[in-house]
Protein chains: 2
Amino acid sequence: MPAAKSSKDEAIDAITDVFREFGFDGASLSRLSEASGLGRSSLYHYFPNGKDDMAQAAVERVSERASELVIGPLRAPGDPAMRVKAAAGGIAKFYEGGRANCLVNLFAFGEAGEAAPGAAKDMAAGLEDAFCAVARDAGFSPKEARLKAEHAIVEIEGALVVSRAQGSVAPFQRALARLPGVLTDR
Amino acid sequence: MPAAKSSKDEAIDAITDVFREFGFDGASLSRLSEASGLGRSSLYHYFPNGKDDMAQAAVERVSERASELVIGPLRAPGDPAMRVKAAAGGIAKFYEGGRANCLVNLFAFGEAGEAAPGAAKDMAAGLEDAFCAVARDAGFSPKEARLKAEHAIVEIEGALVVSRAQGSVAPFQRALARLPGVLTDR
DNA sequence: CTGGTTGTACCGAACGGACGGTATATAAGC
DNA sequence: GCTTATATACCGTCCGTTCGGTACAACCAG
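Read on for a plain summary of the structure. Quantities reported herein were computed from a predicted structural model and do not represent experimental measurements.

Thresholds, definitions, all that
In this convention, every chain numbers its residues from 1, walking through the sequence in written order. Chain letters and ligand numbers both follow the written order, the letters beginning at A and the numbers at 1. Local features in this predicted model are restricted to residues of pLDDT 70 or higher, and side-chain atom pairs are both shown and tallied only at a pLDDT of 80 or more, whereas totals for entire chains, interfaces and linings draw on every residue. Only hydrogens and water are set aside; all other atoms, that is, all heavy atoms of the structure, feed into the side-chain values. Only DSSP runs of H or I with at least four residues qualify as helices, and only runs of E with at least two residues qualify as strands; both kinds are numbered from the N terminus onward. Note that the radius of gyration is over C-alpha atoms, with the globule rule given as 2.2 Å times the number of residues to the power 0.38. Each residue is placed in one exposure class: buried if its accessible area under a 1.4 Å probe, protein chains only, is under 20% of its type's maximum, exposed if it is over 50%, and partly exposed if it falls in between. The criterion used for residue contact is that any of the two residues' heavy atoms lie within 4.5 Å. When two parts are brought into contact, each loses some accessible area as probed by a 1.4 Å sphere; the total of that loss over both is the buried area. For salt bridges, the criterion is a side-chain nitrogen of Lys or Arg within 4 Å of an Asp or Glu carboxyl oxygen. Polar contacts, as used here, are pairs of N or O atoms within 3.5 Å; protein pairs need one atom able to donate a hydrogen and one able to accept it. Residues neighboring in sequence count only if both atoms are side-chain atoms. Here a residue is near a molecule or strand as soon as one of its heavy atoms is found within 4 Å of it. Throughout this entry, Asp, Glu, Lys and Arg are counted as charged residues, while Ala, Val, Leu, Ile, Met, Phe, Trp, Tyr, Cys and Pro are counted as nonpolar. The remaining residues, Gly among them, count as polar.

Our next topic: the overall build of chain A. Looking only at helices and strands, one finds nine helices and zero strands in chain A. Written out in order from the N terminus, the α and β elements of chain A read α-α-α-α-α-α-α-α-α. Relative to the 2.2 N^0.38 estimate, which gives 16 Å for 186 residues, the radius of gyration of chain A is 17 Å and therefore close to what a compact globule would have. Counting only C-alpha atoms and orienting by the principal axes, one finds that chain A spans roughly 55 × 45 × 25 Å. In chain A, which comprises 186 residues, the proportion classed as buried is 51%.

This is the structure we're talking about:
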């Protein structure tokens, strides 16, 4: 099967972009409809529970990309520092070089139900686990590795906030450059 | 002057809390009215330009607190590392131990005009300048100090995001503990 | 092959309600 | 009486959601 993208599939891509740009509240049905090319009621055909369903689909889509781009490289064999460097490249792609926002941050506010923020949190937890495993491979104790993984997530989330506030991706790029040190240096 | 708090002054406190909890879009006039104890008309009496005025007042209020609690200690005389430790205590208070959110992050989304996000950005810039000065006192070049200051802001913003997502202030507390190292260690 | 049924994809219009904001009137303080 | 402050009622707009309905393909009975 050549995977012939369904129109729902394409809609999810568009919807995801809207959520990442405007957050949950800011992603109005009008915007979602326009971006996806589907009428309001068509959206409800695919997502019977409305915005919450759409947000959840967006998180799932984003989680898949995170798995491919970031967690994959982290789990690959090889030198931990090199794996982190590869993952940093994936992170840059994932966040469009620092221009895109993180759903974990975005869905923490607004009227989103429980499902989407929970799923976003799960995705972050998966990422932290992968960071943690790399730190352990670099020789750190489980406790140390867990802290280093948390530190890495903090740097990424913070860099996204700062980059967005300043309108420049430079802080994000610098944070990515720090990442190998954060995770593998004593 | 015993500063006899005006009713507008008290309203700003309440309004600020609402913005910090719900963000710009989430801070509806109903919520702002209820929290401040002022009717709609009174709010518009004090803030003729509506929500944008209120948001700007909130940023100003918050900036004052940041000056007292964080920038003040950073500018005090003494050992740089000690000054950072004192400032970390101020930051903890400022963010209610990690429970409160940062307006720089919150106002970067939603329908806020230009003024409030701009003012929030200015506050962050002031904070970064103060961090930068400490790093220079610790012996770093202007360029190095600037990067360290940015790094410090990144850690704080990121820690707030992670703490909020996880519903625990522990990541924030750990980031604060890292702060002296970030700013003064070679 | 045909006519009818069923299911899927999709749409525009409309709903009730909440939104940010305004107008007018009343009341209190100097 | 004038300014300041607050209440009531209302405005138009947009929100998320639902409704009624169309277009079309697939299936199935005769």
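So, next bit.
On to the interface of chain B and chain A, then. Contact residues are listed per partner, giving 28 residues for chain B and 28 residues for chain A. Across the interface of chain B and chain A, roughly 2,500 Å² is buried in total on both sides, 62% from carbon and sulfur atoms. A per-residue breakdown of the area chain B buries against chain A is headed by Phe109, Glu150 and Val154 of chain B, which together make up 23% of the total. Our count for the chain B to chain A interface comes out at four salt bridges. Measuring nitrogen to oxygen at the nearest pair gives 2.7 Å for the salt bridge that ties arginine 174 of chain B to glutamate 150 of chain A. At the junction of chain B with chain A, the criterion picks out nine residue pairs in polar contact (both at pLDDT 80 or more). Contributions of two or more residues to the side of chain B that touches chain A are made by α6 (103-106), α7 (115-137), α8 (142-166) and α9 (170-184) of chain B. If you tally residues by element for the side of chain B that touches chain A, the top one is α8 of chain B, at 14 residues.

On to the protein's contact with DNA strand C. In the vicinity of DNA strand C, 18 residues are found, and the nearest of them are Gly39, Ser41 and Tyr46 of chain A together with Leu29 and Tyr44 of chain B. Atoms of DNA strand C within 4 Å of the protein belong to the sugar or the phosphate in 54% of instances, the rest to bases. Take glycine 39 of chain A: an N or O atom from its main chain is 2.6 Å from a phosphate oxygen of DNA strand C. With respect to DNA strand C, the side chain of serine 28 of chain B contributes an N or O atom lying 3.4 Å from a phosphate oxygen. Secondary structure elements with two or more residues in the surface near DNA strand C: α3 (40-46) of chain A together with α2 (29-36) and α3 (40-46) of chain B. The greatest single-element share of the surface near DNA strand C, amounting to five residues, is contributed by α3 of chain A. Of the residues that constitute the surface near DNA strand C, the class distribution is five nonpolar, 10 polar and three charged.

Turning our attention to the protein's contact with DNA strand D. Around DNA strand D, the structure places 14 residues, and the nearest of them are Leu29, Tyr44 and Lys51 of chain A together with Ser41 and His45 of chain B. For DNA strand D, the backbone portion of the atoms within 4 Å of the protein, that is sugar and phosphate, comes to 62%. Note that a base oxygen of DNA strand D is positioned 3.0 Å from one of the side-chain N or O atoms of arginine 40 of chain A. Between a phosphate oxygen of DNA strand D and a side-chain N or O atom of histidine 45 of chain B, the distance comes to 2.6 Å. Those elements that provide at least two residues to the surface near DNA strand D are α2 (29-36) and α3 of chain A together with α3 of chain B. Sorting elements by how many residues they give to the surface near DNA strand D places α3 of chain B first, with four residues.

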